[in-house]
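Observations on the three-dimensional arrangement
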Amino acid sequence: MSRAWPKKKTLQEGRDERSCSYIWLIQRDTHPAPIINCRMINSAGKHIRDASPAPDHRSEARLRIDPKVLVFVETTYSGLGRDIAELLVYNRIKYKIEVAGKSLPVLTNLDKGRYGVIVFENLDKYLNMDKWNRELLDKYCREYSVGIVGFVSPSEETLVGAQLRDFPLFVHTNLRLRDASLNPASSVLRLTRAGETAWGALPGDDWAVFQHNHSTYEPVEWAQRNTQEYPADSVGQVQLPLTTVLQDRGQLDGIQRVLFGSSLRFWLHRLVFLDALSYLSHGQLSLSLERMILVDIDDIFVGEKSTRLRPDDVRALIATQKIIAGMVPGFRFNLGFSGKYYHHGTREENLGDDFLLQNVQEFNWFSHMWKHQQPHLYDNLTLLMAEMQLNYAFAKEHNIPTNSGYSISPHHSGVYPAHELLYLAWKQVWNVKVTSTEEYPHLRPARLRRGFIHRNIMVLPRQTCGLFTHTMYIDRYPGGRDKLDESIQGGELFQTIVYNPINIFMTHMSNYGSDRLALYTFQSVIKFLQCWTNLKLASAPPIQLAEMYFRLHPEEVDPVWGNPCDDARHKKIWSKTKNCDSLPKFLVIGPQKTGTTALYTFLSMHGSVASNIPSPDTFEEVQFFNGNNYYRGLDWYMDFFPSETLPNTSSPMPTTLGTPRYMFEKSATYFDGEAVPKRAHALLPHAKIVTILISPAKRAYSWYQHQRAHGDVIANNYSFYQVITASDSAPRALKDLRNRCLNPGKYAQHLEHWLAYYPAQQVHIIDGEQLRLNPIDVMNELQRFLKIQPLLDYSNHLRYDVKKGFYCQAVSEKRNKCLGKSKGRQYPQMDERSAKLLQRYYLNHNTALEKLLKKLGSRPIPQWLKDDLSTGT
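Residues numbered from 1 in each chain as written. Predicted model: local features only at pLDDT ≥ 70, side-chain atom pairs only at ≥ 80, totals over all residues. Heavy atoms only, no water.

Bringing the overall build of the chain into the picture now. Along its length, the chain carries 28 helices and 31 strands. Here the C-alpha coordinates of the chain stretch approximately 105 × 80 × 50 Å along the principal axes. Split into buried and exposed, the 873 residues of the chain put 56% on the buried side. Expressed as a percentage of contacts within the chain between residues at least 6 apart in sequence, the contacts between residues at least 24 apart total 76%. Element-wise, carbon and sulfur atoms account for 50% of the exposed surface of the chain, whose accessible area totals about 38500 Å². (Helix = DSSP H or I, 4+ residues; strand = E, 2+ residues; numbered from the N terminus. Buried < 20%, exposed > 50% of the residue type's maximum accessible area, 1.4 Å probe, protein only. Contact = heavy atoms within 4.5 Å. Areas by Shrake-Rupley, 256 points an atom, 1.4 Å probe, with all protein chains shown as cover.)

So, about the side chain of N174. Secondary-structure assignment places N174 in strand 8 (residues 169–175). A polar atom in the side chain of N174 sits 3.5 Å from the backbone oxygen of E157. (Polar contact = N/O pair within 3.5 Å; in protein donor to acceptor, adjacent residues only side chain to side chain.)

A separate point is the sheet that holds strand 28 (residues 763–767). Taken in spatial order, the five strands of this open sheet run 25-26-24-27-28, and their pairing is parallel. At either end of the open sheet lies a strand with only one pairing partner, and these are strand 25 (609–611) and strand 28. Taken pair by pair, the neighbouring strands of this sheet meet at an average axis angle of 25°, ignoring direction. Pairing geometry for strand 25 and strand 26 (residues 662–666), over three bridges, is parallel. Bridged to A610 within strand 26 is M663. Sitting on the sheet, helix 23 (residues 747–755) is in contact with strand 27 (688–693) and strand 28, with an inclination near 180° to strand 27. (Pairing = 2+ DSSP bridges. Axes fitted to C-alpha atoms, helices over the stretch in contact; angles between N-to-C directions.)

Core analysis: the biggest nonpolar cluster contains 166 residues, and F273, F333, F625 and Y637 have the highest contact counts within it. A total of eleven residues in this core trace back to one element, the largest contributor, which is helix 13 (residues 517–532). If we ignore the near neighbours within four places in the chain, the residues touching F273 are I84, L87, L88, V119, V149, F151, F260 and L264. Among the nonpolar cores identified, the runner-up in size contains 30 residues, and I65, L123, V146 and V171 belong to it. (Core = buried A, V, L, I, M, F, W, Y, C linked by side-chain atoms within 4.5 Å.)

Taken residue by residue, a regular strand's side chains alternate between the two faces of the sheet. Across the two faces of strand 14 (residues 257–260) the burial is the same, with R257 and L259 and V258 and F260 all buried. In this structure, strand 6 (residues 147–151) lies alongside strand 14, joined through four bridges in parallel fashion. Each residue of the ladder has a partner; that of I148, found in strand 14, is R257. In the sheet, strand 13 (residues 242–248) pairs with strand 14 via four bridges, with the strands oriented antiparallel. Bridge pairing links D248 to R257 in strand 14.

With that out of the way, let us pick up the state of the cysteines. A full pass over the atoms with the stated rule returns three disulfides. There is a disulfide in this structure between C38 and C531, and the S-S distance comes to 1.3 Å. Highlighted residues: C38 in the loop between helix 1 (11–18) and strand 1 (68–73) and C531 in helix 13, separated in sequence by 493 residues. With relative accessibility at 6%, the residue C38 sits in the buried group. Between the sulfur of C565 and that of C580 lies a disulfide, 1.8 Å long from S to S. Judged by the sign of its S-S torsion, about 95°, the bond between C565 and C580 is right-handed. Here C580 lies in the loop between helix 15 (568–572) and strand 24 (586–588) and C565 lies in the loop between helix 14 (542–552) and helix 15, a separation of 15 residues in the sequence. Cysteine C465 is unpaired, with the sulfur of C531 as its nearest cysteine sulfur at 20 Å. (Disulfide = S-S within 2.5 Å.)

Any two packed helices are characterised by the angle at which their axes cross and by the distance between the axes. Taken N-terminus to C-terminus, the directions of helix 9 (residues 381–397) and helix 10 (residues 420–430) make an angle of 35°; their axes are 9 Å apart at the nearest point. Taken as a pair, helix 9 and helix 10 cross one another with a handedness that is right-handed. Every residue of helix 10 that contacts helix 9 at L381, L384, M385, M388, Q389, N391, Y392 and A395 is listed here: L421, L422, L424, A425, W426, Q428, V429 and W430. The residue makeup of the contact of helix 9 with helix 10, split by class, is 13 nonpolar, three polar and no charged. (Left-handed = near helix turned anticlockwise from the far one by under 90°. Nonpolar A, V, L, I, M, F, W, Y, C, P; charged D, E, K, R; others polar.)

It is worth spelling out the sheet that holds strand 20 (residues 457–461) at this point. Read from one edge to the other, the open sheet built from three strands follows the order 18-20-19, with strand pairing classed as mixed. Each having just a single partner strand, strand 18 (434–437) and strand 19 (452–454) make up the two edges of the open sheet. Each neighbouring strand pair of the sheet contributes to a mean axis angle of 30°, computed without reference to strand direction. Direction of pairing for strand 19 relative to strand 20: antiparallel, over a ladder of three bridges. By the bridge assignment, H454 is partnered in strand 20 with I457. Along the sheet, helix 10 contacts strand 18, strand 19 and strand 20; its crossing angle with strand 20, the most-contacted strand, is approximately 115°. Along the sheet, helix 14 contacts strand 18, strand 19 and strand 20; its crossing angle with strand 20, the most-contacted strand, is approximately 80°.

Take the environment of P677 next. Within the secondary structure, P677 is located in helix 18 (residues 676–683). Remark: the alpha-carbon pair of P677 and K427, spanning 250 residues in sequence, is separated by 32 Å. When sequence neighbours within four positions are dropped, the list of residues in contact with P677 reads H753, W754, Y757 and Y758.

Mapping Q530 onto the fold places it in helix 13. Note on Q530: relative accessible area 13%, which makes it buried. C-alpha of Q530 to C-alpha of V434: the two residues are 96 residues apart in sequence and 29 Å apart in space.

A word on the packing of helix 19 (residues 696–709) against helix 22 (residues 732–742). Where helix 19 meets helix 22, the closest approach of the two axes is 8 Å, and the angle between their N-to-C directions is 135°. The angle between the axes of helix 19 and helix 22 places the two elements in the oblique class. Contacts between helix 19 and helix 22 pair R699, A700, W703, Y704 and Q707 from the former with L737, R740, C741 and L742 from the latter. Tallied by class, the residues present in the contact of helix 19 with helix 22 amount to six nonpolar, one polar and two charged. (Parallel < 35°, antiparallel > 145°, perpendicular 65-115°, else oblique.)

You can see D635 is positioned in helix 17 (residues 634–638). Buried D635, no salt bridge; nearest opposite-charge side chain is K578, N-O distance 4.2 Å. The residues contacting D635, other than those within four sequence positions of it, are A418, H419, E420, W574 and K578. (Lys, Arg positive; Asp, Glu negative; His and termini not counted. Salt bridge = Lys/Arg side-chain N within 4 Å of Asp/Glu carboxyl O.)

As a further point, take the environment of E492. Assignment of secondary structure puts E492 in helix 12 (residues 492–499). Sequence separation between E492 and G466 is 26 residues; the distance between their C-alpha atoms is 8.5 Å. In contact with E492, not counting residues within four places along its chain, are R444 and S487.

For the rest of this paragraph, the subject is unusual backbone geometry. Geometrically, the link from Y416 to P417 is a cis peptide bond, its omega value of 0° lying close to zero. Mapping P417 onto the fold places it in the loop between helix 9 and helix 10. Even without a glycine there, the phi angle at R455 is positive, about 50°. If you check the backbone angles, Q623 has positive phi at about 55° while not being a glycine. The residue Q623 is located in the loop between strand 25 and helix 17 in this model. For Q623, a relative accessible area of 22% corresponds to the partly exposed category.

Turning our eyes to something else, we now look at the pattern of salt bridges. Inspection of the entire model under this criterion finds 35 salt bridges. Across the pair R257 and D248 runs a salt bridge, and its minimum N-O distance is 3.0 Å. Each member of the pair, R257 as well as D248, carries the same accessibility label: buried. For D253, the salt bridge identified is with R257, shortest N-O distance 2.6 Å. Judged by relative accessible area, which is 2%, R257 ranks as buried. Residues joined in a network through salt bridges with shared partners are R92, R450 and E556.

See below:
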């Protein structure tokens with residue numbers, strides 16, 4: 001392949017071109033005007049000649065690799081490693097971090113490679129691997145067609161023409177460079193568009209450049225030596241391009257690579273890095289080139305005098321919208337209004353209000369609140385709806401469309417954390433189907449913003465663009481004009497659009513008056529995207545965007561409710577009637593039929609311990625974190641935990657109203673609920689987790705007998721052996737009973753799931769047999785784990801009941817209060833055939849549990865586990 005070297009320029013020619021290129025000499029007038037000239041694009045945003053389509057990196061060959069990146073870092077906290085991980089997270093690319101120098105992780109799973117690309121934060125760590133690991137890694141890359149990305153790491157020693165180990169490749173290091181450009185002939189580039197030059201000094205003084213003399217190498221990016229830093233070297237010399245990113249096509253050893261001479265500090269390297277992942281993974285890690293953009297203008301009619309729109313501002317808004325629509329098909333500004341403040345400006349601003357309404361058909365519209373109030377302050381649905389209806393009536397009066405199905409809450413109040421009344425009122429007044437917020441799960445970091453659906457309203461992530469209500473004048477922009485331009489020219493705003501397939505931007509009416517910074521910002525960044533990327537920009541109404549978003553990210557449909565008190569911003573937009581202190585301090589998670597009801601009863605005897613208000617459906621169990629109750633929202637859950645604690649009259653040590661309590665919840669189905677640990681940790685990250693374990697075979701049989709006693713049709717028509725041996729082709733009800741018998745007993749598997757979210761010091765495992773035989777010691781130990789004060793001496797309050805065969809609460813010298821008839825039933829002994837089958841079935845699970853308990857090291861191995869293992873073997 002012939003190399004497409006950039007045309008050489010004299011220093012003066014470069015300076016002349018810089019004066020009219022995309023890094024423009026900006027007109028210093030009142031309203032900054034974007035003047036971005038790309039070689040391939042005219043002033044209207046159209047390509048001067050048909051550009052070749054972006055290459056498709058996908059291969060027709062049958063690939064045996066997972067779309068996942070393995071990243072070798074120098075340390076867990078190294079800067080470039082963190083930048084790489086954040087970039088992968090932003091683009092939702094799966095990855096695994098390994099510290100270089102250790103043994104290689106497992107690279108294959110059966111006949112499939114676990115990773116599609118290998119990344120070395122420091123290329124030296126790859127070049128200087130020990131012989132065994134290097135041969136193993138290279139063999140994996142060749143066999144599975146896996147490529148390698150490497151970064152030359154800065155060092156104090158300056159290398160001049162130093163050869164890279166085992167490669168006909170030489171590097172010069174610790175250089176200052178400028179004027180980067182891309183190779184139009186490079187097959188690596190897909191997202192990134194070649195043809196422009198990033199004029200000016202490149203960040204850092206530790207760049208490395210590559211020299212080579214073999215056809216396997218192809219430059220991807222060039223730069224020039226910074227002649228302002230080395231003036232003596234440049235006198236009378238023609239500056240040759242220096243290779244700063246290099247492609248190795250694998251002709252030497254069958255492994256393709258892309259090597260970077262600097263980190264990701266340079267914005268262009270972030271794009272090229274994503275292209276390298278796409279190329280080296282044969283398209284497995286390719287990002288879509290489609291990007292949707294919607295720009296919301298909040299606070300229409302809201303604002304102090306002298307901050308609002310005048311007729312000329314509205315004309316500029318319409319004119320710029322037309323320009324942007326030429327570059328972004330379907331683009332229209334989306335205006336959010338609060339009708340109460342119509343005609344609250346100066347005379348000229350009131351004329352601007354009128355002119356806006358005369359051109360109502362030019363824009364899309366959505367509703368704010370009538371008086372721009374925060375909905376979370378309303379505890380009465382009728383009053384909240386009344387405020388919304390005033391804005392609705394205003395819209396009808398002024399011919400503003402009311403059918404967008406989209407609304408934004410002022411300050412995103414009530415959207416997340418969810419205020420249920422807002423969702424109900426939105427549905428009834430405006431038939432809202434879509435909203436957006438920057439607060440889910442948190443404002444920062446922006447790369448982690450996500451969407452969810454609640455009460456059939458789709459909530460999309462909203463992005464910021466660097467403009468806020470107070471940023472109205474270019475000379476008062478925080479950090480100066482250069483700071484805004486930096487965000488546009490490859491910085492945060494530019495990257496936000498690159499990384500997010502669907503972008504909803506928040507702006508404010510004040511950004512379109514005064515210096516009209518929003519018009520400048522969006523026209524500039526869209527043009528800059530056209531100059532440097534192959535992205536296909538478009539726009540659509542919010543409902544269409546929301547449907548697209550959840551098709552792309554179906555895993556985000558279910559919300560994950562976080563703790564509002566862990567985020568200062570969330571506390572400000574959360575109902576004042578709510579109090580995090582009432583949330584549970586610990587959870588009793590089950591599993592079922594291990595003694596959780598007995599533990600619940602014993603805990604409730606303590607005057608400083610209280611549980612939730614009983615549920616009319618599930619009694620003492622709320623069952624919030626699993627099942628459909630979770631979709632009822634956090635408000636529903638917190639209603640079970642009143643802020644003011646009531647006296648525990650059933651306790652032998654009753655407390656008075658308002659005494660601090662250790663709140664807890666017991667739901668025995670939490671233990672093996674797949675989504676429960678993640679959901680519980682999001683809301684209760686500091687909670688203690690309490691679980692009870694007995695022989696899994698005994699637990700399975702007890703559940704079967706429990707279902708029989710409660711009239712379950714399947715349990716009463718099939719023997720226990722028939723249930724536990726049911727095949728996957730059996731009737732669904734039979735399979736469900738089989739699963740509820742068998743699955744919770746896979747203790748190690750479920751405990752590992754909980755330990756992935758909660759540290760071991762927050763998890764307490766109770767031996768269920770000891771709870772039955774020696775509850776006093778078990779409860780004393782549990783109190784110490786939970787740090788409950790004062791300690792209750794259970795030896796004075798528990799007594800063995802001969803008739804029941806277990807311990808009960810001693811209410812007087814001669815009377816016990818025991819659990820109901822359904823507890824402690826005597827069942828027929830399990831048949832021998834079922835017992836042997838279950839011993840074999842649970843052998844591997846019990847072995848894993850024994851290893852886990854030894855690893856945790858805090859508890860002795862239960863006798864029942866020893867017995868099960870000895871019988872099973």
